Amino acid sequence: VVALTFDDGPDPTWTPRILEILERHDVPATFFVVGARITQHPGLLRRTVESGHEIGVHTFTHADLSVVSPRQAEIELSQTQLAIAAATGHRTALMRPPFSSTPEGLDQRDHAALTDVVQDGYIAVLSTHDSQDWSRPGADAIVERSLPSDGEGAIVLLHDGGGDRQQTVTAVEELIPRLK
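The notes below deal with the structure included here. (Residues numbered from 1 in each chain as written. Predicted model: local features only at pLDDT ≥ 70, side-chain atom pairs only at ≥ 80, totals over all residues. Heavy atoms only, no water.)

**Quick notes on the overall build of the protein chain**
Tallying secondary structure elements over the protein chain gives seven helices and seven strands in all. Ordered by position from the N terminus, the helices and strands of the protein chain form the series β-α-β-α-α-β-α-β-α-β-β-α-β-α. A compact globule built from 180 residues should have a C-alpha radius of gyration of about 16 Å, and the protein chain, at 15 Å, falls within 12% of that. Projected onto the principal axes, the alpha-carbon positions of the protein chain cover approximately 45 × 35 × 25 Å. Within the protein chain, the proportion of its 180 residues that are buried is 49%. Excluding contacts between residues fewer than 6 apart, the proportion of contacts in the protein chain whose partners are at least 24 apart in sequence is 78%. Carbon and sulfur atoms make up 50% of the accessible area of the protein chain, which amounts to about 8,600 Å² in all. (Helix = DSSP H or I, 4+ residues; strand = E, 2+ residues; numbered from the N terminus. Rg over C-alpha atoms; globule rule 2.2 N^0.38 Å. Buried < 20%, exposed > 50% of the residue type's maximum accessible area, 1.4 Å probe, protein only. Contact = heavy atoms within 4.5 Å. Areas by Shrake-Rupley, 256 points an atom, 1.4 Å probe, with all protein chains shown as cover.)

Okay, structure coming up:
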């Protein structure tokens, strides 16, 4: 099983394009959303959930939880939950911290922040394959970084917000048939 995950949305340009590709290929995904962006585009988050995709918290301002105070971290998470609930009528247990990738990429401060999040009842989701699509390396590189080897499962980290995601859109269109 390969889980496609998208961070930093919802984005009015890129999220709908990714949703269309996922729908065309009948593939569910998980979107880790930023609370401030939800407040700007609640209908887009509703569409994401109504299309059968999972959502998770990615903080309200894309804050690095390893450097903010515990109180600020609590606010980042709770305000995102409120934005999700206002837009969809639901809450989520899933959470991915901004600036995270694979478990191997966590330092001691990241681990401490993640431990706090888990102790607050969240299910922390990292990735096994970081596409590094944020660096815009080209669609082919994004695809290659997203493919598990030898039939292994994977949690693939991609982005639907936070900048120009045309390469990601192109890569997802190619990636899904290859994964299938």
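This is not the end of the story, as more comes after the structure.
**Points about the pairing of strand β1 (residues 2-9)**
Counting buried residues along β1, six of its eight residues qualify, which places the element largely inside the surrounding structure. Relative to strand β2 (residues 30-33), β1 is paired through four bridges, and the arrangement is parallel. Looking across to β2, one finds that T5 is bridged to T30. For the crossover from β1 across helix α1 (residues 14-24) to β2, the handedness is right-handed. (Pairing = 2+ DSSP bridges. Right-handed = clockwise from strand over helix to strand, strands pointing away.)

**So, the pattern of salt bridges**
Throughout the structure, instances matching the rule amount to six salt bridges. Its salt-bridge partner being R71, residue E74 comes within 3.0 Å of it at the nearest N-O pair. Pair noted here: E74 and R71 are both in helix α4 (residues 70-88), with a separation of three residues, about one helical turn. Taking the relative accessible area as the measure of exposure, E74 reaches 45% and is therefore partly exposed. One network of salt bridges, with partners in common, ties together E144, E174 and R178. (Salt bridge = Lys/Arg side-chain N within 4 Å of Asp/Glu carboxyl O.)

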